[in-house]
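Geometric and topological summary
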Amino acid sequence: MAALLKKRALAEYCQTVVEEGPRPAKRLQLVRRARGVDQVDFNITALDSNRAEELLPALVSLYHALPLTGKIQTEVFRKLTGLLHQDTDTVVVMKVLALLSAVTSTPAEAQIAVEEVLSIANSSKSHKVIAQANHTALVLAQLCSSDAKLQERIIQLALTKLNNNNYLVKVRCLQTLGGLCPVEATKTRASIMKALMDHTDAHDNRVRTATFTAFLSLHERGIKLAPEVYTSVCDALSDEHQSVRESALILVKVIAVSDPERLIPIPNSDHHIRLSDHAFSQICNACNDISVLVRTSAASLLGDMTQVSDRFLQQTLDKKLMSNMRRKRSAHERAREMVSQGEWSSGKTWADDAPKEHLDADAVSLITNGACGAFVHGLEDEFLEVRNASLDSISALALNNSVFANQCLDFLVDMFNDEIEEVRLKAIKVMQQISCHFTLRADQLEEILQALKDFALDIRENLHTLLSSCRLSTTSCVTMCVTSLLDNLRRYPQDRRSIHRCLRSLGSNHPELVLALVPQLLLTHPYFDGVEPSVQDGEYICKLILVLNAAAHCPTILPLLEQHKLRHYAYLRDTMPLLVPTLKLGEEGLSKKKVVSTNTAHFLTESLEKLSTLERASTQMKLTIYRTVHSDLIKLADIDPNLSPAANFAAQYTHCMLLFCKILSTRNWLTPSSLSAQQSGALKMTVDQLLRDTFRLKHAFTNLSPTEEASVRNLRVRTLALQLVYVVHGSTGSALSLCDNFLEHTEALHKYLTQEKLSADSFLEAVFEELSQIEEPRPGAVARILKPLLISHAAPALKPITNPAQIRMCSAEILEPQADSEVIYKLSAGLVVGVALDCEVSHIPDLSTLRVRVSYPDHSTHLIVPNSNDLREVGDGMYRLLTTVLLSAQVWSEACQVGLSLVLDLSDQEVLATRRHSTSKVDDSTTTIQLCPPVKVLVWPKPIKKGI
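Let's shift gears to the packing of helix H14 (residues 292-302) against helix H19 (residues 384-398). Taken N-terminus to C-terminus, the directions of H14 and H19 make an angle of 10 degrees; their axes are 7 Å apart at the nearest point. If you check the angle between H14 and H19, you find them roughly parallel. Contacts between H14 and H19 involve Val 292, Arg 295, Thr 296, Ala 299, Ser 300 and Leu 302 from the former and Glu 385, Val 386, Ala 389, Ser 390, Ser 393 and Leu 397 from the latter.

Structure below.
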């Protein structure tokens, strides 16, 4: 009674303030504490010391505390600039200069720091301090890029210090000149270019390397290099140090790519050559370098020279100098030249009047002998890095040059015999990329098919892909290919699906060749009937897939097929629809059924439109229509594979609406204590099922339109609101985690609607408005707001899908082990046994969430993370998982079934409620999405036999 009087007294003196205008929606943000200085052991007062022994540990601690923000950053900057005025140790000064560039954050501070750095560089006598000062000045100059005078002072400092004899000072100065050289043609730019040219032949190899690196920086900034730079760079290709040759190679390539048509004079001749061709010959010459790093770099750079002439490109595949690489002159021209020069044979030197054709090729060739056969040398190199780089360059150059692609084909086939698996695999992939330019001969195909015996799975599968994309020349090639593939199937049965795809493409690409081989492949006779093969015969199925795919492009094959072949076609069409095409059989064929044209997309649209008319219908009518539409959509997903993801998406959404309507129609659902035990248990199961369905609806479907994505998120927010209200009214525990989860999803939905410029429905608008008026969102207060909104605002129906073929659904298919397998995996109790798992997964947004779920007979489950190397991409969004699952258990009396399935573990990506609020049995079903039904394998752990 006293509490009632107190409440009435407070109500008399309260004031109501009416605000004009709508209040903006409250934006909820998760504040994450950034890493700051107070999280590391750093004491700023340690910088006040005058002893180097104390300053150096403090500076190291400061380095680990970076980055700095706020007032402490300004204080540290002030102390560091003050330390530069002290007469301290050289190591301390270098560390202060290095930290100064990392601490400075504004242009004003950068100007102050540059003044201090310039003063130190001019007054110090230590080479290390001068070098560090130049490097720090370069970093600070990038913060004040608009201050041309300041940059000019830094450039002049670098030009002055270039006279220093220490190599480190020269290197830092050259880096500064390359990074700050003005783009406009000025006197400063001319001075920089002259200084760089003077250091191309410096005595220290590190200085020469820094010079060419500076030239490369100038080129990247858009400064055109002088012609004499290219001459100096070409001379540096014969430098005795590896680093110089590597930097010169890169510079040769970039100069040639930027100006490929510039003419370069040929030494000892009056002719000219294109810059691209000359640079290509120089890089080819580096393929014979003594250093493996230089050879690798040269082989890689050749792939970027796509503007080289064909004659130079073809020369790289021949170790002998071609005759067309030199110009022949007639005898009349040679005699006229001798008369004009007044030179005749003196008889003192043997063969001084010999014809020019008999001179050494090195003296008259346009490219050196080292460039001849550059790719041949690269493919025969003893280091796999060089061979891989050569294969990459061949692929890049052959993609746009069919003549070169045909010429390098024999060399690529030879690489199939390489001792390194990585090189063999790369050679196969290169041939896949350029397969549109060549037709395989019988001798080449015979060498390629030998690789089908390789033990490596990647080699065999990529070889199947290569055969699928290649063109064969004769029928003997097709026969040889089919024979080798069947032998591959006998050796490695796990390649069955890959071989089927290969034969499908092989038949589609060579219908005329397969036509001549139909009687030989299917063992048919024009007069005698043979024995009907079994559809369980794997080799017969392979041949039939080849013939049927060829028949789709060559109707002449159909009359050659026997009646039982047509029946087998109908069987394969039902069991392997992706491997067997649809054939137009005549009236005498097997299929005499009338083809009925269906419009499944129209049916999908009509079903969704039917749900949008249920706003004023009764609850019982809504439940009936929801069940009917859900059943129709499930059947539609089974009928039309193209619309299966969209139909499953619509069916899942409809089922969520059905559960939502069922919960709200339950009498006294807000007071579970008043319900019977059976009704309360059913209500709990319905709520948990709704949470799982909306969770799957949000994460299992991709490529949704913004409107569809907003509808899914809206339904998820409604479900979380329903869960919060249900828990607050039905239990006595804390619902704080549920409230935080709901608020986070609401904030994310509000941001998404704002970014996509979509309007919220009446429920979301009311939720946004009510939450913006709560100062501190407690679970009880939020639940009181959501309760009337959930009752008064029904869940919106899914609008018709705009592009059903665009939606993708996460799925998986386990190929091995098979469901009907009777193999028993026996092991000693407590140890492990490996089960080979072969499956295909498709359209997984994040492969890191993929898990293998193992369900034991005692209802315990384990989630195993597969190795990333076990995933192989086989198509657009499709991956093949080939791994081994380790199983272990204690002693069982008999063999029991263990379930293997694939799931997505999204526990790290989704903020879920605390498990004590879960109304079902505690398991991982609330954080995982099952991609396929489990496959049962028989496992029998036996007791360990004790030896004597």
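Here Ser 291 lies in the loop between helix H13 (275-285) and H14. Contacts of Ser 291, omitting those with residues within four sequence positions, involve Gln 242 and Arg 245.

The next subject is helix H35 (residues 706-730). If you check H35, its first and last C-alpha atoms are 36 Å apart, about what 25 residues at 1.5 Å a residue would give, namely 36 Å. Most of H35 sits inside the fold, with 19 of its 25 residues counted as buried.

The next thing to look at is helix H29 (residues 538-551). Taking 1.5 Å per residue, 14 residues should reach 20 Å; H29 reaches 20 Å between its end C-alpha atoms and fits that length. Every buried residue belonging to H29 is among Tyr 540, Ile 541, Cys 542, Leu 544, Ile 545, Leu 546, Val 547, Leu 548, Asn 549, Ala 550 and Ala 551, and all of these are buried. Contacts from the buried residues of H29 go to helix H25 (475-491), helix H26 (496-509), helix H27 (511-515), helix H28 (518-522) and helix H30 (563-575). Here H29 starts with a cap whose side-chain oxygen sits 3.3 Å from the backbone nitrogen of Glu 539, and that cap is Asp 537.

Let us now look at the sheet that holds strand E13 (residues 878-888). Pairing within the open sheet is antiparallel, and its four strands lie in the order E7-E9-E13-E12. Among the strands making up the open sheet, the edge pair consists of strand E7 (811-816) and strand E12 (871-875). Averaged over all neighbouring strand pairs, the angle between strand axes comes to 30 degrees, with direction disregarded. Relative to strand E9 (residues 832-842), E7 is paired through five bridges, and the arrangement is antiparallel. Across the sheet, Ser 811 pairs through a bridge with Ser 842, a residue of E9.

Core analysis: the largest hydrophobic core is formed by 170 residues, its most contacted members being Leu 80 and Met 431. Looking at this core element by element, the count peaks at ten residues for H29. If near-sequence neighbours (up to four positions away) are discounted, Met 431 is found in contact with Leu 409, Leu 412, Val 413, Phe 416, Phe 438, Leu 440, Ile 448 and Leu 466. By size, the runner-up hydrophobic cluster in this structure holds 104 residues, among which are Leu 611, Leu 633, Phe 742 and Leu 881.

This next bit is on the pairing of strand E11 (residues 861-864). One ladder, built from four bridges, connects strand E10 (residues 850-855) with E11; its direction is antiparallel. Bridging from a neighbouring strand, Arg 853 pairs with Leu 863 of E11. Connecting E10 to the antiparallel partner E11 that follows it, the hairpin turn spans five residues, and His 859 within it adopts a positive phi of roughly 70 degrees.

What follows is about unusual backbone geometry. Here the bond from Glu 816 into Pro 817 is cis, since omega is 0 degrees, no more than 30 degrees from zero. Mapped onto the fold, Pro 817 is located in the loop between E7 and strand E8 (824-828). Positive phi is not limited to glycine here, since His 843 has a value of about 60 degrees. For His 843, the position within the fold is in the loop between E9 and E10.

All right, on to the confidence of the model for the chain then. Per-chain confidence: the chain averages 81 in pLDDT, with 85% of residues scoring 70 or above. The secondary-structure element of the chain with the lowest mean pLDDT is helix H1 (residues 2-13), recorded at 40, while H25 shows the highest, at 94. This stretch, residues 322-328, has a pLDDT under 50; its non-local contacts, to residues over four places away or in other chains, come to 15 contacts. Below pLDDT 50 for its whole length, residues 356-368 participates in 22 contacts with residues either more than four positions away or in separate chains.

Criteria and cut-off values
Residues numbered from 1 in each chain as written. Predicted model: local features only at pLDDT ≥ 70, side-chain atom pairs only at ≥ 80, totals over all residues. Heavy atoms only, no water. Axes fitted to C-alpha atoms, helices over the stretch in contact; angles between N-to-C directions. Helix = DSSP H or I, 4+ residues; strand = E, 2+ residues; numbered from the N terminus. Parallel < 35°, antiparallel > 145°, perpendicular 65-115°, else oblique. Contact = heavy atoms within 4.5 Å. Expected span 1.5 Å × (residues − 1). Buried < 20%, exposed > 50% of the residue type's maximum accessible area, 1.4 Å probe, protein only. Polar contact = N/O pair within 3.5 Å; in protein donor to acceptor, adjacent residues only side chain to side chain. Pairing = 2+ DSSP bridges. Core = buried A, V, L, I, M, F, W, Y, C linked by side-chain atoms within 4.5 Å. pLDDT = per-residue confidence, 0-100.

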